[in-house]
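Spelled out, the chains give:
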Amino acid sequence: MSMQAMVNEICEVYSDMVHLSFFPDHWSRMPEGQKDILKDWGKFPESLEMARPWLTSCVREIESALSIFQEAGLPLQVTKVMKMLLRNVREHSMETLFTHATREIQSLHAREDWKVQSEDSGCITSLPLLVENIAVELILTLEQVVTGHPEDMKDPLRDDSEVLFGKMLEKTIDCLSYLAFEQEEDLHEEALLKIATQSGSMDIVGSLGEMAEDSLPNSDVRLIIILSNCHYITTQVIPRVFDCFRAHGYPTAKKTELSILEQLSQLDRKLFDAYIERKQQPLLAILETGMFSRSSFDWEDCGSLREIRSYIRELLMTLVFIHNEVHLISPLFVSRVISKLVEITAHEMLVLLMEIEVFSRNGSLHAYAELTTLKETADPFITDAAE
């Protein structure tokens, strides 16, 4: 056997061994002669999870071997086998890395502890930073597998990895939505399981249940926390992650970034509308009861104005409570939330006043005083629409 033939055979055996380590179905595609050669090497791993940690180092070793062969001027057939092997392992590494990172982000809802920490742009839980850490770690690892090849700027793997990167980040939006809108019973069970796992015992169910209830905020507070997380991810995490992405070989990733930001914007509106919907109901109920309670007040036949009626005070105290709830989590959203609620309240008050057929003189004074009180008290939050 010639030297060229021996080198070629060694490369083919090496290629088959690597393929079998990462692609179990490769065995069925191998010629019988090649199978006989590899039978003496024992069993290859059946679990891809066992092989995953070796992928990036394997890519480097194959690249090193290919470089040596090319410098030695070996025949095209030899380098062709190694190039095909490198291509397959790089592609598999990329897919495996993205699958693992996507699953990590997808399961972050189970790790949410609802502990709020202060940041410059508001209060957040650990979730946004966990997303950033997973994404940056992936980019740095990906550089060794896909983007660390300046001569391959048109490599299709780059386009594939950009698409996969976008799909991975979309799981962040799914995770935020789950935490905001999932039934409280399901979130309570997850919190219970998390505490039980951390304690190392499933026997103390009663006390763990109380701890889980204490750790899970009510649905309104959860909406504001997730809204704050969403804002932080939009304004801080995504720009930093994509800056890192572009710095490591993806200069054309702007389209993917804009797509993710648009989806986050849609989630922001959904979260905000859900919170406003919850908070406007008691305000509207107070208005309707206070303005149309015939048993206590009649706009056509009422006494002289002595004080602002209790329903206005109750309305303002409810707005104060909402202000405090939002401010404790994210002062950034106070103006946005209260302004919207004042606008809704003002519109509803106008509708209700228009339904009153006849005002007495005293009734007109009451209406003017109540409107003025509401306007002056809520003045910092009055929008053009509310005006």
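What counts, and at which threshold
Residues numbered from 1 in each chain as written. Predicted model: local features only at pLDDT ≥ 70, side-chain atom pairs only at ≥ 80, totals over all residues. Heavy atoms only, no water. Helix = DSSP H or I, 4+ residues; strand = E, 2+ residues; numbered from the N terminus. Buried < 20%, exposed > 50% of the residue type's maximum accessible area, 1.4 Å probe, protein only. Contact = heavy atoms within 4.5 Å. Areas by Shrake-Rupley, 256 points an atom, 1.4 Å probe, with all protein chains shown as cover. Axes fitted to C-alpha atoms, helices over the stretch in contact; angles between N-to-C directions. Parallel < 35°, antiparallel > 145°, perpendicular 65-115°, else oblique. Nonpolar A, V, L, I, M, F, W, Y, C, P; charged D, E, K, R; others polar. Left-handed = near helix turned anticlockwise from the far one by under 90°. Core = buried A, V, L, I, M, F, W, Y, C linked by side-chain atoms within 4.5 Å. Phe/Tyr/Trp six-rings, centres within 6.5 Å; stacked < 30°, edge-to-face > 60°. Lys NZ or Arg CZ within 6 Å of the ring centre and 35° of its normal. Expected span 1.5 Å × (residues − 1). Bend = angle between axes of the 7 residues up to and from the residue. Salt bridge = Lys/Arg side-chain N within 4 Å of Asp/Glu carboxyl O.

Undergrad: Help me get a handle on the overall build of the protein chain, residues and values and all.
TA: Scanning the protein chain for helices and strands turns up 15 helices and two strands. Going through the 387 residues of the protein chain one by one, you find that 45% of them count as buried. The contacts in the protein chain between residues at least 6 apart in sequence include a share of 74% that link residues at least 24 apart. For the protein chain, the exposed area adds up to about 20,900 Å²; of that, 55% sits on carbon and sulfur atoms.

Undergrad: Kindly report on the packing of helix α6 (residues 76-106) against helix α8 (residues 156-181), identifying the contributing residues and their values.
TA: A pair of packed helices can be characterised by two numbers: the angle between their axes and the separation between those axes. Contact pair α6 / α8: the axes reach a minimum separation of 9 Å and the direction vectors enclose 10°. With respect to α8, the element α6 is oriented roughly parallel. Taken together, the residues of α8 that come into contact with α6 (itself represented by Arg87, Arg90, Glu91, Met94, Phe98, Ala101, Thr102, Ile105 and Gln106) are Pro156, Leu157, Asp160, Ser161, Leu164, Phe165, Met168, Lys171, Thr172 and Cys175. Along the lines of polarity and charge, the residues of the contact of α6 with α8 split into 10 nonpolar, four polar and five charged.

Undergrad: Quick one: what's the story with the packing of helix α12 (residues 254-291) against helix α13 (residues 310-329), residue by residue and with numbers?
TA: Between α12 and α13, the shortest axis-to-axis distance is 9 Å and the interhelical angle comes to 170°. When the axes of α12 and α13 are compared, the pair comes out roughly antiparallel. Our pair here, α12 against α13, has a crossing hand that is right-handed. In this structure, α12 contributes Tyr275, Lys279, Leu283, Ile286, Leu287, Gly290 and Met291 to the contact, and α13 contributes Tyr311, Glu314, Leu315, Thr318, Leu319, Phe321, Ile322, Glu325 and Val326. In the contact of α12 with α13, the residues fall into 11 nonpolar, two polar and three charged.

Undergrad: Run through the environment of Leu319, naming residues and quoting values.
TA: With respect to the secondary-structure elements, Leu319 resides in helix α13. Note on Leu319: relative accessible area 7%, which makes it buried. Along the backbone, Leu319 and Val337 are 18 residues apart, and their C-alpha atoms lie at a distance of 9.9 Å.

Undergrad: Residues and numbers for the nonpolar core, please.
TA: In this structure, Phe165, Met168 and Val337 are the most contacted members of the largest nonpolar core, which totals 102 residues. Among the elements that make up this core, the one with the highest residue count is helix α11 (residues 219-247) (15 residues). What Val337 contacts, discounting residues up to four positions off in sequence, is Phe272, Tyr275, Ile276, Ile322 and Val326.

Undergrad: Describe in detail the side chain of Asp268, supporting the description with residues and values.
TA: Its place among the elements puts Asp268 in helix α12. Leaving out residues up to four positions away in the same chain, Asp268 has contacts with Leu227, Cys230 and Arg336.

Undergrad: Please give an account of the packing of aromatic side chains that cites residues and values.
TA: Two aromatic rings, taken as a pair, are described by how far apart their centres are and by the angle between their planes. Scanning the model with the defined rule gives three aromatic pairs in all. Between Phe165 and Phe245 the ring centres are 4.0 Å apart and the planes differ by 10°, which places this aromatic pair in the stacked class. One end of the pair, Phe165, is in helix α8; the other, Phe245, is in helix α11, and 80 residues separate them in sequence. Grouping residues by exposure puts Phe165 and Phe245 together as buried. Linked through ring pairs, Phe165, Phe242 and Phe245 together constitute an aromatic cluster. A cation over a ring is seen here: Arg336 above Phe272, with NZ or CZ 4.1 Å from the ring centre.

Undergrad: Describe α11, and please don't skip the residues or the numbers.
TA: Here α11 is 29 residues long and its end C-alpha atoms lie 40 Å apart, about the 42 Å a rise of 1.5 Å per residue gives. The largest bend in α11 amounts to roughly 45° and is located at Ile233. Count one or two residues on from α11 and you reach Gly249, which has phi positive near 110°.

Undergrad: Can you break down the pattern of salt bridges residue by residue, with the values?
TA: Inspection of the entire model under this criterion finds 12 salt bridges. A salt bridge links Asp268 to Arg336; its shortest N-O distance comes to 2.6 Å. Placement of the pair is Asp268 in helix α12 and Arg336 in helix α14 (residues 334-355), with a sequence separation of 68 residues. Judged by relative accessible area, which is 14%, Asp268 ranks as buried. Judged by relative accessible area, Arg336 falls into the partly exposed class, the value being 30%. One salt bridge connects Glu370 with Arg309, and the closest N-O pair in it is separated by 2.8 Å. Of the two residues, Glu370 sits in helix α15 (residues 361-377) while Arg309 sits in the loop between α12 and α13, which places them 61 residues apart along the sequence.

Undergrad: Tell me about α13, and name the residues and values.
TA: Spanning 20 residues, α13 covers 29 Å between terminal C-alpha atoms, matching the ideal 28 Å at 1.5 Å per step. Residues of α13 that are buried include every one of Tyr311, Ile312, Leu315, Leu316, Thr318, Leu319, Ile322, Glu325, Val326 and Ile329, and no others. Elements that come into contact with the buried residues of α13 comprise β2 (122-124), α11, α12, α14 and α15.

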